[in-house]
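Geometric and topological summary
Residues per chain, in single letters:
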Amino acid sequence: MAYLVLHFWVKPQTPAPTDAVGIANTYIVFTSLIFMGFTVVLALVGVIFAQQFSITKQTHVQHLFNELEGSLELNHDDTAVKLLDGALRNKDVQRHVARKLDEKIRQLLSEEKQRAQAQAADGASTSNAVDSLLSKVDNDGVE
């Protein structure tokens, strides 16, 4: 009814032929703005999803490392041995382990050498003390 009443009082205007270009331009501008708005919204949604996935990934990785540490401590299904065997297949790990073993062997041998030198020094002082006592005994206690 409203259409009929408005049509009765307001006469419809038909666009002039020159207005067709203006209408087309207006349509193009508005559709461009709408597509640009959708693009901006999709970009923001993409950034939010990427951030959420990153946070979720970090949480999952941390959870997996905690679970792996627990498995290594309790050695379920020989997890620690399997992990070490897998790590030792890596050439960099092999070089690192060889270097660490070499350092540890050098440290232990150095400590053993110091201990032996200390024992040798104690043995030498004991030997000198025994020699002194023997010389006293040979001289019948006369110095």
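The preceding data block contains the structure.
To start, this report covers the structure provided alongside it. (Residues numbered from 1 in each chain as written. Predicted model: local features only at pLDDT ≥ 70, side-chain atom pairs only at ≥ 80, totals over all residues. Heavy atoms only, no water.)

Notes on the pattern of salt bridges
If charged atoms from side chains of opposite charge come close, those side chains can pair. Rules: When a carboxyl oxygen of Asp or Glu lies within 4 Å of a side-chain nitrogen of Lys or Arg, that pair is called a salt bridge. Here a strand is any run of E in DSSP of at least two residues, a helix any run of H or I of at least four, and the numbering for each starts at the N terminus. Per-residue accessibility, obtained with a 1.4 Å probe over protein chains only, is compared with the maximum for each type, and a residue is labelled buried under 20%, exposed over 50%, and partly exposed between these values.
As enumerated under the stated definition, the model contains 3 salt bridges in all. Between Asp102 and Arg106 there is a salt bridge; the shortest N-O distance is 3.3 Å. Placement of the pair is Asp102 and Arg106 together in helix H4 (residues 91–138), with a separation of 4 residues, close to one helical turn. By relative accessible area, Arg106 is classed as exposed at 57%. Measuring nitrogen to oxygen at the nearest pair gives 2.5 Å for the salt bridge that ties Glu112 to Arg115. Taken together, the residues Glu112 and Arg115, both in helix H4 and 3 residues apart, mark about one turn of the helix. Among the residues examined, Glu112 registers a relative accessible area of 43% and is labelled partly exposed. By relative accessible area, Arg115 is classed as partly exposed at 44%.

Some details on a nonpolar patch on the surface
Selection criterion: In this scheme, patches are assembled from residues that exceed 30% relative accessible area and form no salt bridge. Like charges are connected within 9 Å, while nonpolar side chains (Val, Leu, Ile, Met, Phe, Trp, Tyr) are connected within 5 Å. For the accessible areas, the method is Shrake-Rupley and the probe is 1.4 Å, while residue cover comes only from the protein chains on display.
Taken together, the side chains of Val29, Phe30, Leu33, Met36, Val40 and Leu44 present a nonpolar region at the surface, about 580 Å² in accessible area. Note that Leu33 resides in helix H2 (residues 19–74). Residue class for Leu33 comes out partly exposed when judged on its relative accessible area of 44%.

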